[in-house]
Amino acid sequence: MKGVVYDRFGAPEMLHLADVPMPELRPDDLLVRVAAAGVNRADLMQREGFYGDRHFGESALLGLELAGEVVATGCAVTAFRPGERVMAIVGGGAYAAFARVDQGMAARVPDGVSLVDAGAIMESFVTAWEAASHLAALAPGESVLVHAAAGGVGSAVVQVAHALGARVYATAPASRLDAVRGIGAAMVFDYRTEDFEARIREETDGRGVDAVIDFVGGAWLARNLRSLRPGGRLVQVGILSGEDDAVIPLNLLLHNHLRLIGTVMKSRTVDEKRAMIRRFAEGALPLFAQGTLRPLVYRVFPFAQAAAAHAEMERGGGFGKILLTAQA
C-alpha cells in the first residue's frame, strides 16, 4: 500500500509517497481504508525530529487521527463490522491507504457527516469534550474563557462550550474574531491588543468566569487564575507559549478555592484514552448528528501533497483543519 514517509528529519519537502507494509491486525483491531487524515502540530514536530526515533505506539508513520471504512476486523472485535464508517484516534499510521485502529479508539461517523469532514473531528473534539464537559464540567448558564480559540482544538472547545449552554468569551488574533464569534463565542478579544484579564473583569462586573480553558500557559497562568470567580476551575490543555515554568499566585488559589487541572492526551494510558472516547461518543456524537457541532475544514490535500499540507500549517493555515485524503 502507499503511505507518506520521510527518509530523514527536516522540512516539509522530506515527505513523499512510498510503498509501505500493510498493518497487521491484532485481536481488538479494525483495518480501516483511510478516507481522510487530520494534520496536527504533533505530525510536524515528529517530522522535524522533536521526538527523535520515538513514535506514538502504533506505527512509525505519521498521522494521529483518521476517518474511513472498516474493511476487516480482528477476532475479538464486537463493536464494529466491515463496511461501517468510523473515525478514530491512532498512535501513528493515519497517513496511509490503510491503518489499524484499536476498536476502543474508534467511533461511528454521525449521519450527515462525510468521511472527509469526519477526518477533522477526533483529535480536536475528543480533547475539547474532555476539557469542557468532563474536566471543566461546564453547566448551562455558566461562563468560560477559551484561549487560542481560532486553533483546531480551541475552536472545538468554543463549539462544545456553547452547546453545553455556557456563555463563551474567547481570545484570538484580529483576523479571526468574526470567525470565532460565528461558532458560538459571545465575545472575542484580540490577544495582541486587548488585555483579556481586564476585559473579563469588565464584562462580568468584576465577578470573573466560572472556567478558563487555556492552551498558552506561561505568564498567562496567573492572569487566568485572576480571571476566575471564587470556586472557578482552570483547565490547562497545552503550552503554546513554550514556557513550562510559571508563577502561581497561591494566596489567590487558596483563598478563592480555585482548581487547576492539567490534561494532555498523548501521555494518557490506552485505557484512559478509551474512556475519553467513550465519554465523547456518548455526549458529543448526538450533537454532530443534530448539526449543533460541526467539523471545521480549511483545506484538503491528497496524500501525494503531504509536504504542501505541512507547509500550509507552518504558515499558519486558515480557520479550520487541514486534511490529507486518499482522493486524487
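Up top is the structure these notes are about.
Residues numbered from 1 in each chain as written. Predicted model: local features only at pLDDT ≥ 70, side-chain atom pairs only at ≥ 80, totals over all residues. Heavy atoms only, no water.

S.K.: Just checking my understanding: could you explain the overall build of the protein for this structure?
M.R.: Regarding its fold elements, the protein presents 11 helices and 15 strands. Radius of gyration (C-alpha) of the protein: 20 Å, near the 20 Å computed for a compact globule of 328 residues. Each principal axis of the C-alpha distribution contributes one length, and for the protein these read about 60 × 40 × 35 Å. Evaluated residue by residue, the protein yields a buried proportion of 54% over its 328 residues. Contacts in the protein between residues at least 24 apart in sequence constitute 67% of all its contacts with a sequence separation of at least 6. If you sum the accessible surface of the protein, you get close to 14100 Å²; carbon and sulfur atoms cover 52% of it. Here the protein contributes 33 positive and 37 negative side-chain charges, whose respective centroids are spaced 2 Å apart. (Helix = DSSP H or I, 4+ residues; strand = E, 2+ residues; numbered from the N terminus. Rg over C-alpha atoms; globule rule 2.2 N^0.38 Å. Buried < 20%, exposed > 50% of the residue type's maximum accessible area, 1.4 Å probe, protein only. Contact = heavy atoms within 4.5 Å. Areas by Shrake-Rupley, 256 points an atom, 1.4 Å probe, with all protein chains shown as cover. Lys, Arg positive; Asp, Glu negative; His and termini not counted. Charge placed at Lys NZ, Arg CZ, Asp CG, Glu CD.)

S.K.: I would appreciate a short explanation of the nonpolar core in the present structure.
M.R.: Most often, soluble globular proteins keep nonpolar side chains buried together rather than apart. Membership of the largest hydrophobic core comes to 53 residues, with the highest contact counts inside it found for Met87, Leu138, Val144, Val180, Ile213 and Phe280. By residue number, the principal contributor to this core is helix H3 (residues 122–135), which donates 8 residues. Shared between two domains, this core holds at least three residues of each, these being domain 1 (2–120 + 295–325) and domain 2 (125–262). Apart from residues lying up to four places away in sequence, Phe280 is in contact with Met87, Ile121, Met122, Phe125, Val126, Trp129, Leu285 and Phe288. Ranked by size, the runner-up nonpolar core spans 30 residues in total, among them Leu15, Val34, Ala99 and Ala309. (Core = buried A, V, L, I, M, F, W, Y, C linked by side-chain atoms within 4.5 Å. Domains from an automatic or database assignment.)

S.K.: Help me understand the packing of H3 against helix H4 (residues 152–163), please; the structure alone is not making it clear to me.
M.R.: When two helices pack together, their arrangement is given by the angle between their axes and by how far apart the axes lie. Relative to each other, H3 and H4 sit at 50°, their axes nearing to 8 Å. Relative to H4, H3 is oriented oblique. You can see that H3 and H4 cross each other, and the crossing is right-handed. Contacts from Ser124, Phe125, Thr127, Ala128, Trp129 and Ala132 in H3 reach Gly152, Val153, Ala156, Val157, Gln159 and Val160 in H4. (Axes fitted to C-alpha atoms, helices over the stretch in contact; angles between N-to-C directions. Parallel < 35°, antiparallel > 145°, perpendicular 65-115°, else oblique. Left-handed = near helix turned anticlockwise from the far one by under 90°.)

S.K.: What am I meant to see in the pattern of salt bridges here?
M.R.: Side chains that carry opposite charge are capable of pairing whenever their charged atoms lie near each other. In total, this model carries 23 salt bridges according to the counting rule given. When the shortest N-O distance is used, the salt bridge between Glu197 and Arg226 registers 2.8 Å. One end of the pair, Glu197, is in helix H6 (residues 196–203); the other, Arg226, is in helix H7 (residues 220–226), and 29 residues separate them in sequence. Residue Glu197 is classed as buried on the basis of its relative accessible area of 12%. Owing to a relative accessible area of 45%, Arg226 belongs among the partly exposed residues under this scheme. The shortest N-O distance in the salt bridge between Glu202 and Arg199 comes to 3.8 Å. Highlighted residues: Glu202 and Arg199, both in helix H6, separated by 3 residues, approximately one helical turn. Here Glu202 falls in the exposed class, since its relative accessible area comes to 53%. (Salt bridge = Lys/Arg side-chain N within 4 Å of Asp/Glu carboxyl O.)

S.K.: Looking at this structure, how should I read the environment of Ala289?
M.R.: Within the secondary structure, Ala289 is located in helix H10 (residues 285–290). Placed 122 residues apart in sequence, Ala289 and Arg167 show a C-alpha to C-alpha distance of 23 Å. Those residues in contact with Ala289 that sit more than four places away from it in its chain are Pro110 and Asp111.

Shape is all these values report; function is a separate question.
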